[in-house]
Amino acid sequence: MTIFSQAFTRAALRPLKWIGRMSLGRARRVTGWLGQPLRLLMRRRARIVDRNLELCFPELNHPERKRLARAHFRNLAESIGEIAFAWHHPGPLDDSVGTVEGLEHLQAARADGRGVLLVTAHVTCLELGARVLGRHVDGCGIYRPLRNQALERMQNEGRSRYARAMLARDDLRAMVRELRAGGVLWYAPDQDPGRRRARFAPLFGVQAATATGMLELARLGRARVVPMFPLKEAGSGRIRVILEPAFENFPSEDPSADLARYNAFIERHVRAAPATYWWLHRRFKTRPKGQPDPYR
């Protein structure tokens with residue numbers, strides 16, 4: 001990336017700092033109106049959203065899925081304000097922003113000194129949920145390094161408000177070291193990693209290529225795996241970060257069953273707040289042999 005492009009990125013990102021110092025409600029209003037323009041501008045992604053909803057919610061009719069798609073883009077636009085707030089809002093947050101439920105499950109998982117892998121999913125309120133969780137949990141995040149260095153710098157500086165460190169997803173040694181030292185890592189492995197690094201497991205009744213790296217990391221780090229999901233309340237917009245009991249006997253001798261358990265956890269919570277899931281991703285791109293790509 002050139003010096004000019006980095007300078008342009010820094011200038012383009014500067015409004016996020018201004019938005020992030022607003023109240024959360026105002027930050028959402030400032031960006032939320034972009035929902036419909038984004039849907040029109042991101043036509044290819046909008047088609048992916050429509051196809052994902054068709055695959056995952058066959059019980060809904062066409063107008064119902066269209067309303068859900070519009071709600072998703074509204075949440076996507078609001079997430080710009082939420083991310084700005086999570087990265088830049090000064091001082092501690094209070095319970096009006098969000099709360100954490102189930103901290104006792106995390107404490108129980110760490111009682112014997114073992115590390116914990118907090119597994120979650122890509123939802124529009126994930127960054128804000130991470131900051132809410134960071135009030136109570138001193139942990140590290142796993143992330144994908146960005147090509148845009150200016151954006152990555154702002155992202156990681158912003159996340160330092162609620163994460164002790166950010167570990168690149170290809171730095172297996174650092175992740176294992178953190179877990180074996182009794183640390184907490186939060187990780188969202190719910191996107192299609194390609195055939196080589198996945199096994200198929202059902203998600204919304206569709207066979208989905210599901211990353212096996214989560215199982216390897218838990219095994220190498222001798223860690224317990226605790227499900228964590230941020231839910232955005234439809235009326236108030238408050239974030240509820242839900243921690244569930246650690247998966248028992250996980251990973252087991254049956255990787256496919258383990259991944260199915262993880263996907264079932266995701267599906268259960270997505271059904272509670274479907275407009276906030278990251279439907280823009282081609283989640284079902286990798287297919288079992290003989291099955292066509294559903295996005296073509």
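Placed above this text is the structure.
Residues numbered from 1 in each chain as written. Predicted model: local features only at pLDDT ≥ 70, side-chain atom pairs only at ≥ 80, totals over all residues. Heavy atoms only, no water.

1. Thoughts on helix α4 (residues 43-56)
Point 1. Here α4 spans 20 Å end to end across 14 residues, near enough to the 20 Å set by a 1.5 Å rise per residue.
Point 2. Of the positions making up α4, those classed as buried are A46, I48, V49, N52, L53, L55 and C56. (Helix = DSSP H or I, 4+ residues; strand = E, 2+ residues; numbered from the N terminus. Expected span 1.5 Å × (residues − 1). Buried < 20%, exposed > 50% of the residue type's maximum accessible area, 1.4 Å probe, protein only.)

2. Structural notes on the pattern of salt bridges
Any two side chains of opposite charge can pair, given that their charged atoms come close.
Point 1. For the structure shown, the criterion picks out 18 salt bridges.
Point 2. Across the pair R28 and E82 runs a salt bridge, and its minimum N-O distance is 2.8 Å. Note that R28 is positioned in helix α2 (residues 24-32) and E82 in helix α5 (residues 62-88), a separation of 54 residues in sequence.
Point 3. For R28, a relative accessible area of 9% translates into the label buried.
Point 4. Residue class for E82 comes out buried when judged on its relative accessible area of 1%. (Salt bridge = Lys/Arg side-chain N within 4 Å of Asp/Glu carboxyl O.)

3. Here's the deal with the pairing of strand β3 (residues 140-143)
Point 1. The alternating pattern of β3 places C140 and I142 and G141 and Y143 on opposite faces, both of which are buried.
Point 2. Sheet analysis places β3 next to strand β4 (residues 165-168), joined by 4 bridges and oriented parallel. Each bridged residue has a counterpart across the sheet, and for Y143 the counterpart in β4 is A168.
Point 3. Running through helix α8 (residues 149-159), the crossover from β3 to the neighbouring parallel element β4 is right-handed.
Point 4. Bridge analysis of β3 against strand β5 (residues 184-187) gives 2 bridges, and the strand direction is parallel. Pairing of C140 across the sheet is with L185, part of β5. (Pairing = 2+ DSSP bridges. Right-handed = clockwise from strand over helix to strand, strands pointing away.)

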